[in-house]
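# Residue-level structure breakdown
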Amino acid sequence: MVEPLLRIENLVRRFGGILATDNLSLEVAPGELHAIIGPNGAGKTTLISQLTGQVMPNSGTIHFAGRDVTRLPSYRRSRLGLARSFQITSLLPDFTACDNVALAAQAHDGHSFRFWGAARKEKPLRDAAQAALKRVGLEKRADVPVSELSHGEQRELELAVALATKPQLLLLDEPMAGLGVTESARMVALLKELRREVTIVLVEHDMEAVFALADRITVLVYGRVIASGLPDAIRHNDEVKRAYLGDQ
Ligand code: ATP
């Protein structure tokens with residue numbers, strides 16, 4: 001059997017009286033696109049935040065690429081190849097698309113922000129940023145400030161920012177949120193391309209997108225895994241239908 005790229009075991013995180021993740025275990029194989037779905041407040045974002053190190057678990061373990069990363073700070077996980085895109089945009093609005101990507105690439109490589117004024121003009125950095133922009137189809141928008149990009153373009157740019165850190169595992173928190181029909185279709189097409197190159201954990205409420213993309217799906221309710229498996233089995237699982245999917 002292939003060693004999982006990500007192995008989560010018995011993860012517990014409490015916020016006061018709330019169990020945001022309740023003894024949660026999950027494995028993600030290399031190359032798969034694994035979707036995490038569930039109702040609002042199920043603990044999906046808290047799970048992603050524990051994977052990146054922005055939230056620490058009360059107990060349980062996280063192994064990534066064969067290493068125990070449970071207590072590692074975020075920047076060390078990022079250097080091991082874990083990258084996240086956020087539910088709420090994390091871009092710098094006054095900077096150009098290219099600068100946002102280059103800044104992420106530079107920070108990931110461990111350089112100081114102090115030298116940013118000079119570094120942004122460096123060719124290797126700009127080339128790396130252009131390559132990431134090309135992967136998401138934004139190469140022609142490189143010199144446009146973020147504030148002038150459409151919402152859909154901003155979401156694509158967030159992907160480019162994550163890709164600039166050369167991830168082994170991409171954690172995507174609701175990349176379809178707020179997108180119109182055409183923009184959603186573009187994002188699904190883009191993720192279909194990216195999944196060929198990188199393992200993806202996708203948190204998403206857009207079930208059409210989830211079923212179009214996922215190799216496997218895990219369903220969370222109140223911080224617990226209620227089902228995990230192939231999309232078809234999840235679609236027809238009675239407990240999942242009752243808790244989340246209805247009659248989709
Ligand atoms: P959504 O689909 O709405 O984004 P989610 O599945 O991502 O929801 P989380 O945001 O992880 O759910 O929240 C899980 C539970 O933990 C919720 O009850 C939430 O109120 C609680 N929670 C999350 N973060 C905090 C925090 N920093 N402080 C207190 N409670 C929190």
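Here's what I pulled together on the structure shown here. Since the structure is predicted, the reported quantities are computational estimates derived from the model, not experimental observations. (Residues numbered from 1 in each chain as written. Predicted model: local features only at pLDDT ≥ 70, side-chain atom pairs only at ≥ 80, totals over all residues. Heavy atoms only, no water.)

### Quick word on the environment of N100
- Secondary-structure assignment places N100 in helix α3 (residues 97-108).
- Spatially, the C-alpha atoms of N100 and L133 are 10 Å apart, while their sequence positions differ by 33 residues.
- Look past the residues within four positions of N100 in its chain and what remains in contact with it is L91, L92, F95, V146, L157 and V161. (Helix = DSSP H or I, 4+ residues; strand = E, 2+ residues; numbered from the N terminus. Contact = heavy atoms within 4.5 Å.)

### Digging into empty space enclosed by the protein
- Under the defined criterion, the tally for this structure stands at 1 cavity of 30 Å³ or more.
- By volume, the largest cavity is sized at about 30 Å³.
- Lining the largest cavity are S85, R155, E158, L159, L172 and P175.
- Element by element, the count of residues in the lining of the largest cavity is highest for helix α6 (residues 151-163), at 3 residues. (1 Å grid on protein atoms, 1.4 Å probe; cavity = no way out; pocket = protein on both sides within 12 Å on 5 of 7 lines; lining within 4 Å. Points joined across faces, edges and corners; volume = space filled by probe spheres on them.)

### Let's talk about the pairing of strand β2 (residues 18-28)
- Judged from the 7 bridges that link them, strand β1 (residues 6-15) and β2 form a sheet pairing that is antiparallel. Following the sheet pairing, R14 is matched in β2 by L19.
- Here β1 folds back onto β2 in antiparallel fashion, the turn holding 2 residues, of which G16 has a positive phi close to 60°. (Pairing = 2+ DSSP bridges.)

### Here's the deal with the packing of α6 against helix α7 (residues 181-194)
- Closest axis-to-axis distance for the α6/α7 pair is 10 Å, and the angle between their directions is 15°. The orientation of α6 relative to α7 falls into the category roughly parallel. α7 is crossed by α6, and the crossing has right-handed handedness. Facing α6, whose interface residues are H151, G152, R155, E156, L159 and L163, α7 presents E183, R186, M187, L190, L191 and L194. (Axes fitted to C-alpha atoms, helices over the stretch in contact; angles between N-to-C directions. Parallel < 35°, antiparallel > 145°, perpendicular 65-115°, else oblique. Left-handed = near helix turned anticlockwise from the far one by under 90°.)

### Examining the layout of surface pockets
- The calculated volume of the second largest pocket comes to roughly 160 Å³.
- Here the lining of the second largest pocket takes 4 residues from α7, the largest share from any one element.
- For the lining of the second largest pocket, a count of residues per class yields 5 nonpolar, 1 polar and 2 charged. (Nonpolar A, V, L, I, M, F, W, Y, C, P; charged D, E, K, R; others polar.)

### Observations concerning the sheet that holds strand β9 (residues 216-221)
- One open sheet holds the 6 strands; their spatial order is β6-β7-β8-β3-β9-β10, and the pairing between them is mixed. In this open sheet, the two edge strands, each paired with only one partner strand, are β6 (82-85) and β10 (224-229). For this sheet, the mean angle separating the axes of adjacent strands, direction not counted, is 15°.
- Bridge analysis of β6 against strand β7 (residues 169-173) gives 4 bridges, and the strand direction is parallel. If you follow L82 over to β7, its bridge partner there is L169.
- Contacts between helix α1 (residues 44-52) and the sheet are confined to β3 (33-37), β6, β7, β8 (199-203) and β9, with β6 contributing the most and set at about 145° to the helix.
- Of the strands in this sheet, β3, β9 and β10 touch helix α10 (residues 238-245), which is tilted by about 125° from β10.

### What about the site of the ligand?
- In the neighbourhood of the ligand, 14 residues make up the surrounding shell, with G41, K44, T45, T46 and H205 lying closest.
- Within the contact set of the ligand, an oxygen atom lies 2.7 Å away from a side-chain nitrogen or oxygen of K44.
- Take H205: an N or O atom from its side chain is 2.8 Å from an oxygen atom of the ligand.
- Protein contact buries 62% of the 640 Å² of open area that the ligand shows by itself.
- Those elements giving two or more residues to the shell around the ligand turn out to be β2 and α1. (Near = heavy atom within 4 Å. Polar contact = N/O pair within 3.5 Å; in protein donor to acceptor, adjacent residues only side chain to side chain. Areas by Shrake-Rupley, 256 points an atom, 1.4 Å probe, with all protein chains shown as cover.)

### Points about the sheet that holds β2
- Strand order in the open sheet made by the 4 strands is β2-β1-β4-β5, with antiparallel pairing throughout. Edge positions in the open sheet fall to β2 and β5 (67-68), since each of these has one partner strand only.
- In this fold α1 packs onto β1, β2 and β4 (59-64), with an angle of close to 115° to the strand it touches most, β1.

### Looking at the environment of R196
- Assignment of secondary structure puts R196 in the loop between α7 and β8.
- In the structure, R196 is positioned 49 residues away from S147 in sequence and 30 Å away in space, judged by C-alpha atoms.

Honestly, it's all geometry; don't read function into it.
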